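# Observations on the three-dimensional arrangement
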Amino acid sequence: KRLVVLVSGSGTNLQALLDAIATVGSEAYGAEIVAVGADRDGIEGLARAERAGLPTFVCKVRDHGSREEWDAALAEATAAHEPDLVVSAGFMKIVGKEFLARFGGRFVNTHPALLPSFPGAHGVRDALAYGARVTGCTVHFVDDGVDTGPIIAQGVVEIRDEDDESALHERIKEVERRLLVEVVGRLARNGYRIEGRKVVIQ
Ligand code: GRF
């Protein structure tokens, strides 16, 4: 299976996928990353892709006349690599109708909180501020909401009294990277069905 990964930052989730595939081989893993896209340049996530010799593309909202045009351009740039599965790994933009029309049902996101709790761009900070005792990460299919699509898998992380946002996020990311590698591999190898809110992996 062909994967396109979308990033906006450090790309450690991307790196976890790259390392897993390099370790077991794309045949055994069931997928290979064919390109990495971003909404901004100059980020470590793109540098990781380039070091891995992968094609990259950047679609910046401000280069387009409207959000819709950006969304269509992102869909085009992604489609050019003919992905079977698109993975948002820290991609910090909400995609629109065009992107979902083309990749809905095969577009996976990872979120650093236990959805439906703490959706949005500050899930780690919000869980901490709320005084939650556990949080975690969620890998889900993307639908037309914000972090509302069918959940595939979740991992739990305890919140410690001494935690600040970055310490907690780092601890979440340790679980998140393993969860994403495991889920993407299973989706690619086994195939899956989405039945309402449920995801059935064969
Ligand atoms: C991840 O925790 C992701 O869930 C969140 O931002 C982080 C991205 O980390 N949206 P990285 O860029 O993969 O290191």
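Every value quoted in this text rests on a predicted model; they were computed, and no experiment measured them.

Here the focus is the overall build of the protein chain. A count of helices and strands for the protein chain gives 7 helices and 9 strands. For 202 residues, the compact-globule estimate of 2.2 N^0.38 gives 17 Å, and the protein chain sits close to it at 16 Å. Oriented by its inertia axes, the alpha-carbon framework of the protein chain measures out at about 45 × 40 × 40 Å. Within the structure as shown, the protein chain displays about 9500 Å² of accessible surface, and the carbon and sulfur contribution to it stands at 49%.

Let's shift gears to the side chain of Thr110. Residue position: Thr110 is located in strand β5 (residues 107-111). On the accessibility criterion, Thr110 (6% relative accessible area) is buried. Among the polar contacts listed, one links the side chain of Thr110 to the side chain of Glu176, at a separation of 2.6 Å.

Looking now at the pattern of salt bridges. Tallied over the entire structure, the rule returns 11 salt bridges. With a closest N to O distance of 2.9 Å, Asp39 and Arg40 form a salt bridge. A salt bridge links Glu76 to Arg102; the shortest N-O distance between them is 2.7 Å. With Glu76 in helix α4 (residues 67-79) and Arg102 in helix α5 (residues 97-103), this pair connects stretches of sequence that are 26 residues apart. Judged by relative accessible area, Arg102 falls into the partly exposed class, the value being 30%. Shared partners join several salt bridges into a network, and the residues in it are Asp39, Arg40 and Lys93.

Under the definition given, this model contains 5 aromatic pairs. When the ring of Phe99 is compared with that of Phe103, the centres are 4.9 Å apart and the planes differ by 50 degrees; the resulting orientation is tilted. Of this pair, Phe99 and Phe103 are both found in helix α5, 4 residues apart, which corresponds to roughly one turn of the helix. The same class applies to Phe99 and to Phe103, which are both buried. Connected via pairs of aromatic rings, a cluster forms that spans Phe99, Phe103 and Phe107. The cationic tip of Arg189 hangs over the ring face of Tyr29; the distance from NZ or CZ to the ring centre is 6.0 Å.

One finds Leu17, Ile33 and Ile152 to be the most contacted residues of the largest nonpolar core, which totals 46 residues. No other element matches helix α7 (residues 165-190), which puts 10 residues into this core. Leaving out residues up to four positions away in the same chain, Ile33 has contacts with Leu3, Val5, Leu14, Leu17, Leu18, Ile21 and Leu54.

Right, let's talk about the site of the ligand for a bit. Lining the immediate environment of the ligand, one finds 14 residues, of which Ser10, Gly11, Thr12, His169 and Glu176 sit closest. Within the contact set of the ligand, an oxygen atom lies 2.9 Å away from a side-chain nitrogen or oxygen of Asn13. Glu176 places a polar side-chain atom, nitrogen or oxygen, 2.5 Å from an oxygen atom of the ligand. Relative to its unbound accessible surface of 370 Å², the ligand loses 91% to contact with the protein. For the shell around the ligand, the elements supplying multiple residues, two or more each, are α1 (12-24), β5 and α7. It is α7 that contributes the most residues to the shell around the ligand, 3 residues altogether. Residues that form the shell around the ligand fall into these classes: 3 nonpolar, 9 polar and 2 charged.

Let's shift gears to the confidence of the model for the protein chain. Summarising the model, the protein chain shows a mean pLDDT of 97, and 100% of its residues fall at 70 or more. Taken together, the chains of this predicted complex give a pTM of 0.96 and an interface ipTM of 0.93.

The UniProt entry lists Gly11, Thr12 and Asn13 under the feature "binding site: N(1)-(5-phospho-beta-D-ribosyl)glycinamide" (unreviewed entry), expressed in the numbering used here. Tracing the backbone through its elements, the reader meets Asn13 in helix α1. Classification of Asn13 as buried rests on a relative accessible area of 7%. When near neighbours in sequence (up to four residues on either side) are disregarded, Asn13 contacts Ala89, Thr110, Glu176, Arg177 and Leu180.

Criteria and cut-off values
Residues numbered from 1 in each chain as written. Predicted model: local features only at pLDDT ≥ 70, side-chain atom pairs only at ≥ 80, totals over all residues. Heavy atoms only, no water. Helix = DSSP H or I, 4+ residues; strand = E, 2+ residues; numbered from the N terminus. Rg over C-alpha atoms; globule rule 2.2 N^0.38 Å. Areas by Shrake-Rupley, 256 points an atom, 1.4 Å probe, with all protein chains shown as cover. Buried < 20%, exposed > 50% of the residue type's maximum accessible area, 1.4 Å probe, protein only. Polar contact = N/O pair within 3.5 Å; in protein donor to acceptor, adjacent residues only side chain to side chain. Salt bridge = Lys/Arg side-chain N within 4 Å of Asp/Glu carboxyl O. Phe/Tyr/Trp six-rings, centres within 6.5 Å; stacked < 30°, edge-to-face > 60°. Lys NZ or Arg CZ within 6 Å of the ring centre and 35° of its normal. Core = buried A, V, L, I, M, F, W, Y, C linked by side-chain atoms within 4.5 Å. Contact = heavy atoms within 4.5 Å. Near = heavy atom within 4 Å. Nonpolar A, V, L, I, M, F, W, Y, C, P; charged D, E, K, R; others polar. pLDDT = per-residue confidence, 0-100. UniProt positions renumbered as here; feature names shortened; annotations may be inferred.

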